[in-house]
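Inside the fold
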Amino acid sequence: MKNCIAAILCLLVVASASAREKKKDLGRLSGSIETSWGVYVDDPALSTPLTQRYGTNTYVNLGYTIKGFRAGLQYDIYEPQMLGYDSELKGNGLKGFYAGWADSKWDVTLGTFYGQFGSGMLFRAFEQRDMGINTSVLGASVRWNPLPWLTATVMGGLPRRYMEMFNPSAVYGADFELSLLEPFVPDTDAVLMLGGSWLLRDDRTDLTSEVRVETAPRTVNSFSGRLAFSKGCFSFDGEYVHKGRSYGLDPRLEQFAFVRPGQALLLNMDIALPVFSASIVWRSIENMSMWQDDSHTTSVNLNYLPSLTKQHKYALFQLYPHEVHDFGGETGGSIDMAGSIPVGGNPRRPLRYSVNASVFWDMEYGPDGYRFMGTGGGLLWAEAYLELEKKWGPDWKTVVAAGWQRKPEDSRLGYGEVMMNTVSAVADVLWQISSRYSLRMELQHAWSDFVDDQGWVMGLLEFGIAPGFMFYVSDMLNYRTNALSNTHYYDAGVSYAWKFLRASVSYGRHRAGETCSGGICRYVPEYTGVNARLSIIL
């Protein structure tokens, strides 16, 4: 594997050099490599036994473009995968290859491609490396834009399942988007868009699998419709999705496997003013796991159902994140407001604030199935959050934040599922020592009535040297706990950025829990060790 990585690095350098030597009309070569490594050590302070000594996730991309033509390759390496990634991500191989052509009216891709219909609730093929997700489709995609106000897309192929490219399940789809006002009122600043999508999943996997329901249909037909309006500072959009009868699982039910249709409704409203903005989102989903196939206990979704709660940047607000109940159903929404208030006599340094609130309920299940848009199944998540930011001069900036969260959580100490409340607070101070040096400090605290841990405290110190270096050290402690002992989760590291290069290395002890990105989460067990990352874009 080391020889493979070295050869790929040499190929990237040669490709970059040759691209610089060639004339512009001969096209452009590009490449990138992103590699992450984990080296894990024994730690008597942790209760989880060490299952592996190292892991690596490496991705290499090569691309070529000339005029309207494009082509590319992607090579993935999991030898083995890092801790917290699915065990089916193992081995290495060429997992992306495509050729395409585009002009003002057509865009054609053959090979592996990504894409999305509407909001993604019906279909989304995407890559999210931090979560170990790549659901690219091997096949063909054609987008046609015959008029400025009309776009149509058709696609079909085999969706990627972890490291499997040629699996027996196929997907076909079509999408259109139409501007209703542009043909008739071309000079208006208002936009009214109508869209619709269709998706067919054709599962040709072996019926003898024990986890498959015999009555589950091989083909699942689904469709969606959407409408969006915007004018000036105001915008509103909505989308409805209907999924055909399909296999589903709900571990809470006595008969946990079932076959029934699914549906979803998503509504968004935004207001954007110079000193104030607000965003409201509401969603109800029922049996919306759009699986590639019904023959695996851990299948891969063809759609995208992220959590709609706030994506936090501070660690103690991320201790117990909300996870979407796509296996049954949930209803809820969130509201975000942000703005500035002239405080301190300098209008260029106002007090900036952001407020967030969200709540989600479980969808109740009755004799006739789930009650769509229902909220009677119990509270899944509630949160309120306030953040204030103030720049006091050219050298100082402070951020203070406080929030409350409530959700049911499974006890790791064997007390079952309990409803917990957590209140957290943060103080964040940045000192710009000079144009080159900066120092930032975080202090965080969380109070909880959770039976496992009732008190958390965290501190972080970060020192920056412009233009590229950043050093940090942090420590997180559950100082009030019903576990056998308090545990320090320390971490220290350095990062460097320069032009096409990004590199970082750190060493620390990490708690078990969910790590989230873009509203999607994965579970990472506790461990102690070194994490290193290198990214090169040529």
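This text gives an overview of the structure that appears in the document. Numbering of residues starts from 1 in every chain and runs along the sequence as written. With pLDDT at 70 or above as the cut-off, local features in this predicted model cover only qualifying residues; side-chain atom pairs require 80 or more to be listed or tallied, and sums for whole chains, interfaces and linings still use all residues. The side-chain quantities take in all heavy atoms of the structure and omit both hydrogens and water.

Overview of the overall build of the chain
Looking only at helices and strands, the chain has 1 helix and 32 strands in total. The size measure is the radius of gyration over C-alpha atoms, and the globule rule it meets is 2.2 Å times the number of residues to the 0.38 power. For the chain, whose C-alpha radius of gyration is 25 Å, the value lies close to the compact-globule estimate of 24 Å for 538 residues. In terms of its C-alpha atoms, the chain occupies a principal-axis envelope of roughly 70 × 55 × 55 Å. Across the 538 residues of the chain, 46% fall into the buried class. Here, residues are in contact when the closest pair of their heavy atoms is within 4.5 Å. Long-range contacts, defined here as pairs at least 24 residues apart, represent 56% of the contacts in the chain between residues at least 6 apart. The protein chains shown are the only cover counted for residues, whose accessible areas, like all others here, come from Shrake-Rupley with a 1.4 Å probe. Surface exposure of the chain reaches about 26,400 Å², of which carbon and sulfur atoms provide 62%. Strands here mean DSSP runs of E at least two residues long; helices mean DSSP runs of H or I at least four residues long; both are numbered from the N terminus. To sort residues, take the accessible area from a 1.4 Å probe on protein chains only and compare it with the maximum for the residue type: under 20% means buried, over 50% means exposed, and anything in between is partly exposed.

Observations regarding the side chain of histidine 322
Inspection of the secondary structure puts histidine 322 in the loop between strand E17 (276-286) and strand E18 (329-341). In this structure histidine 322 comes out as buried when scored by relative accessible area, which is 3%. When near neighbours in sequence (up to four residues on either side) are disregarded, histidine 322 contacts Ser307, Thr309, Glu330, Phe360, Leu380, Trp381, Lys407 and Cys521.

Observations regarding empty space enclosed by the protein
Buriedness for pockets is judged along seven lines, at least five of which must meet protein on both sides within 12 Å for an open set on the 1 Å grid over protein atoms alone, while cavities are sets there where a 1.4 Å probe fits but cannot get out, and lining residues have an atom within 4 Å of a point. Grid points are joined across faces, edges and corners, and a volume is the space filled by probe spheres set on the points. Tallied over the full model, the rule gives 3 cavities of 30 Å³ or more. In this structure, the largest cavity occupies an estimated 60 Å³ of space. Around the largest cavity sit Arg201, Val220, Lys243, Ser246, Tyr247, Ser289, Met290, Trp291 and Asp294, which together line it. Looking at which element gives the most residues to the lining of the largest cavity, the answer is strand E15 (residues 234-249), with 3 residues. Each residue is assigned to one of three groups, with Ala, Val, Leu, Ile, Met, Phe, Trp, Tyr, Cys and Pro labelled nonpolar, Asp, Glu, Lys and Arg labelled charged, and all others, Gly among them, labelled polar. Here the residues of the lining of the largest cavity are counted per class, giving 4 nonpolar, 2 polar and 3 charged.

Re unusual backbone geometry
Here the amide bond leading from glutamate 79 into proline 80 is cis, since omega sits at -15°, within 30 degrees of zero. Summarising the element assignment, proline 80 is placed in the loop between strand E3 (69-78) and strand E4 (91-102). In this structure, the amide linkage connecting alanine 466 to the following residue, proline 467, adopts the cis form with an omega of 10°. Along the polypeptide, proline 467 turns up in the loop between strand E26 (453-465) and strand E27 (469-481). With a phi close to 45°, asparagine 287 is a non-glycine residue in the positive phi region. Counting through the fold element by element, asparagine 287 comes out in the loop between E17 and E18.

Some thoughts on a nonpolar patch on the surface
To count toward a patch, a residue needs a relative accessible area over 30% and no salt bridge; like charges are then connected within 9 Å, while nonpolar side chains (Val, Leu, Ile, Met, Phe, Trp, Tyr) are connected within 5 Å. When a carboxyl oxygen of Asp or Glu is within 4 Å of a side-chain nitrogen of Lys or Arg, the pair counts as a salt bridge. Taken together, Trp392, Trp396, Trp431, Ile433 and Tyr437 make up a surface patch of nonpolar side chains, about 530 Å² in accessible area. Of the residues examined, tryptophan 392 reaches a relative accessible area of 57% and is grouped as exposed.

Overview of the environment of tryptophan 456
Along the chain, tryptophan 456 turns up in strand E26. For the pair formed by tryptophan 456 and arginine 348, sequence separation is 108 residues and the distance between their alpha carbons is 36 Å. When near neighbours in sequence (up to four residues on either side) are disregarded, tryptophan 456 contacts Leu316, Leu319, Tyr320, Gln444, His445, Ala446, Met476, Leu477, Asn478, Tyr479, Tyr489 and Arg511.

Section: the nonpolar core
As used here, the term nonpolar core means buried Ala, Val, Leu, Ile, Met, Phe, Trp, Tyr and Cys residues forming a set that is joined through side-chain atoms within 4.5 Å. Ranked by size, the top nonpolar core spans 23 residues in total, and within it Phe123, Met155, Leu199 and Met288 carry the most contacts. Of all the secondary structure elements, the ones that give two or more residues to this core are strand E7 (123-125), strand E16 (257-272) and E17.

Concerning the environment of valine 300
Structurally, the position occupied by valine 300 is in the loop between E17 and E18. Distance from valine 300 to histidine 445, taken between C-alpha atoms, is 37 Å for residues 145 residues apart in sequence.

What about the packing of aromatic side chains?
The geometry of an aromatic ring pair comes down to the distance between the two centres and the angle between the two planes. The pairing test for Phe, Tyr and Trp rings, Trp by its six-membered ring, is centres within 6.5 Å, and the orientation test on the planes gives stacked under 30 degrees, edge-to-face over 60, and tilted for anything in between. The final tally for this structure, using the stated rule, is 15 aromatic pairs. Aromatic side chains phenylalanine 317 and tyrosine 385 sit 5.2 Å apart centroid to centroid with 85° between the ring planes, which places their arrangement in the edge-to-face category. One end of the pair, phenylalanine 317, is in the loop between E17 and E18; the other, tyrosine 385, is in strand E22 (residues 379-391), and 68 residues separate them in sequence. The buried category is assigned to phenylalanine 317, whose relative accessible area is 3%. Here tyrosine 320 and phenylalanine 450 contribute two aromatic rings whose centre-to-centre distance is 5.5 Å and whose plane-to-plane angle is 75°, an arrangement assigned as edge-to-face. Of this pair, tyrosine 320 sits in the loop between E17 and E18 while phenylalanine 450 is found in the loop between strand E25 (437-448) and E26, placing the two residues 130 residues apart along the sequence. By the burial criterion, tyrosine 320 is buried, and phenylalanine 450 matches it. A connected cluster of aromatic rings, assembled from ring pairs, spans Phe469, Phe471 and Tyr496. The criterion for a charge sitting over a ring is simple: Lys NZ or Arg CZ within 6 Å of the ring centre, and within 35 degrees of the ring normal. Its end group placed over the ring of phenylalanine 126, arginine 124 keeps NZ or CZ at 4.3 Å from the ring centre. The ring centre of tyrosine 320 lies 6.0 Å from the NZ or CZ of arginine 511, which sits over that ring.

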